[in-house]
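A look at the structure
The primary structure of each chain is shown beneath.
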Amino acid sequence: MNKKQKKVLARIILAAACMVVFSLLPVEGYLRFGLFLIPYLIIGYDILKKAWKGILNRQVFDENFLMAVATIGAIILGDYLEGTAVMLFYQIGELFQSYAVGKSRRNISDLMDIRPDYANIERDGTLEKVDPDEVAVGDIIVVQPGEKIPIDGTIIEGMTSLNTSALTGESLPREVTMGDDVISGCINMNGLIKIQTTREFGESTASKILELVENASSKKSRSENFITKFAHYYTPAVCGGAAILAILPPLVRMLFLGLSPEWSDWILRALTFLVISCPCALVISIPLSFFAGIGGASSAGILVKGSNYLETLAQTGCVVFDKTGTMTQGVFEVSGIHHNTLPEETLLEYAALAECHSSHPISKSLQKAYGKPIDQSRVTEVQEISGNGVTARIDGKLDVAVGNDRLMQRVGVAYVPCSGTGTLVHVAVNGTYAGHILISDLIKPHAKEAIQALKDAGVSRAVMLTGDAKPVADAVAKELGIQEVYSELLPADKVSMVEKLLGEKATGTSLAFVGDGINDAPVLSRADIGIAMGAMGSDAAIEASDIVLMDDDPLKIARAIRIARKCIRIVYENIYFAIGIKLLCLVLGALGIANMWTAIFADVGVMILAVLNAIRALRIKNL
């Protein structure tokens, strides 16, 4: 408990002790009233203060107003014990709710611990601690054992193990060495490493994650918006209903039936009606359920940008995947050179030079296979043609085209197809076909399990979209167990295909797209729910997505869906339970069957049960 919660607990204990003692004393009248006023003010002064502020600010109808009116009315009618007890149990419920919110926030506050406090820069042979904002792209920072990596970059010296649990939810350390890319927020476990930064602090992974988490609560789900609107109209309505219950039946008895009006009895029923009608269980437990769901997901390395996305994710009936970097590792290796009219080394040299300005994984694999320093000054007139490849002039005399079948058709060069499985890169020099390079990608370890897990989770349709050639796409889809695959697609074609799939989806279901690259950003935005690979995914993909998988593991897609469905199930359980119990007790209260103690259960008891149910959304170990 924090300091504020401990203070409230002390007030509860003191007020409860006073109530027990005073209820046993043989005193009546004004003395009994004065005695019970002591525990009432101890436990309820802040509620009365909030109710009064609400009246002054013309925001009258809230739970504080209902509690104040009901308890003051009960005390005026002589029910000192009941009036004080209502306020006491209400505060117990509020304390319980505060503790539950704190518990659900703990997962997210742990995530906030990834924020680095400083960065080490080596100056004049000594390490100087500077604010991470002061570090520029390309600077060399030193990360010692036990310290957080403050900014994304590439290791240029040293090797170590990284604790990535705050980002990915995985307890196993990640081994890194010179040349590996590392992201901010990870903890260096054992070795000293030097990192050349590749981003500014504000653009680093840790900063982006913190921004996503901080903004998550601002995006409310349909259920939360419904409850907010419901409470806005519901509270004035029940206040009006209570006023009618207090005034109309006595008048009818007195004027039309000739009976005693029994004002105190009907006013007490109206006050009981007010306590029962307090919408605390709904107003508190619904947002708490979503908050707990987001917190539970974050502890598993699944960042959800808002509760509205949890609601949409729970309805997922179709999942569409990008291939490269999503279902495959994006680690390409040259596996063959065929039909070459030039020496293999020369063909690789021309291909690597033409692709030297590109950061695409295939370009990097060509440069890696060439294995020699690349002089970019030899390359001019570079033109990258989206979905086709690259053309460039090398050494001022060679026009080189490097790309797929479509590029060869575009430049009017007859190409030779390949029977091997992989990405085929054709090379043409001065309008003559020079051969092709076969590049293979590796499927991610859990990719096949991920497809089966989605089927087990009730996802009826899995589709793969890729710009790769049909033989490559078909081979990967077959290995993964995906029946529906569309290949040789340009970025615009992917958007069109997703729009087509959106039109075909079943009513009441949503379509999720999973991707990682810059060219996936438009599709991520167009889908009902966009899921991005956060560790190696592009900034554009992460920005356009609604959910981010921090360790790029596709197996977590099914887990995210299960977490979302559990959260939504809990939300609806609380809605039906709270409204059902309150309606029943409201009827009993209006009929005079339910007393103030029943009202306490209908308000505080239902709220505590709903909050207990809500924090179950934090439990995700078996999902």
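Below is a short write-up of the structure.

1. What to know about the sheet that holds strand E19 (residues 484-486)
Read from one edge to the other, the open sheet built from 7 strands follows the order E10-E22-E21-E20-E11-E18-E19, with strand pairing classed as mixed. Single-partner strands in this sheet number two, and they are strand E10 (302-304) and E19. Averaged over all pairs of adjacent strands, the angle between their axes in this sheet comes to 20 degrees, without regard to strand direction. Sitting on the sheet, helix H15 (residues 470-480) touches strand E18 (461-465) and E19, and the angle it makes with E18 is about 150 degrees.

2. Quick word on a negative patch on the surface
Residues Asp131, Asp133, Glu134 and Glu200 make up a contiguous surface patch of negative charge. By secondary structure assignment, the location of aspartate 133 is in the loop between strand E2 (126-130) and strand E3 (140-143).

3. Some remarks on helix H3 (residues 63-76)
Counted at 1.5 Å a residue, the expected span for H3 with its 14 residues is 20 Å, and the 20 Å between its end C-alpha atoms agrees. In terms of burial, H3 is largely enclosed, as 10 of its 14 residues are buried. Looking only at H3, the buried set comprises Asn64, Phe65, Leu66, Met67, Ala68, Ala70, Thr71, Gly73, Ala74 and Ile75. Where H3 terminates, the next one or two residues include glycine 78, which has phi positive at roughly 100 degrees.

4. A short note on the packing of aromatic side chains
Scanning the entire structure with this criterion turns up 5 aromatic pairs. Plain terms: the ring middles of tyrosine 572 and tyrosine 576 are 6.1 Å apart, the flat faces sit at 35 degrees to each other, and that makes the pair tilted. Here tyrosine 572 and its partner tyrosine 576 are both found in helix H19 (residues 555-590), 4 residues apart, which amounts to about one turn of the helix. Three or more aromatic residues link up through ring pairs in this structure, and these residues are Phe22, Phe33, Phe36 and Tyr80. Here the basic side chain of arginine 269 rests over the ring of tryptophan 266, its NZ or CZ set 4.0 Å away from the ring centre.

Rules used throughout
- Residues numbered from 1 in each chain as written.
- Predicted model: local features only at pLDDT ≥ 70, side-chain atom pairs only at ≥ 80, totals over all residues.
- Heavy atoms only, no water.
- Pairing = 2+ DSSP bridges.
- Helix = DSSP H or I, 4+ residues; strand = E, 2+ residues; numbered from the N terminus.
- Axes fitted to C-alpha atoms, helices over the stretch in contact; angles between N-to-C directions.
- Contact = heavy atoms within 4.5 Å.
- Patch = residues over 30% accessible without salt bridge, like charges linked within 9 Å, V, L, I, M, F, W, Y side chains within 5 Å.
- Areas by Shrake-Rupley, 256 points an atom, 1.4 Å probe, with all protein chains shown as cover.
- Salt bridge = Lys/Arg side-chain N within 4 Å of Asp/Glu carboxyl O.
- Lys, Arg positive; Asp, Glu negative; His and termini not counted.
- Charge placed at Lys NZ, Arg CZ, Asp CG, Glu CD.
- Expected span 1.5 Å × (residues − 1).
- Buried < 20%, exposed > 50% of the residue type's maximum accessible area, 1.4 Å probe, protein only.
- Phe/Tyr/Trp six-rings, centres within 6.5 Å; stacked < 30°, edge-to-face > 60°.
- Lys NZ or Arg CZ within 6 Å of the ring centre and 35° of its normal.

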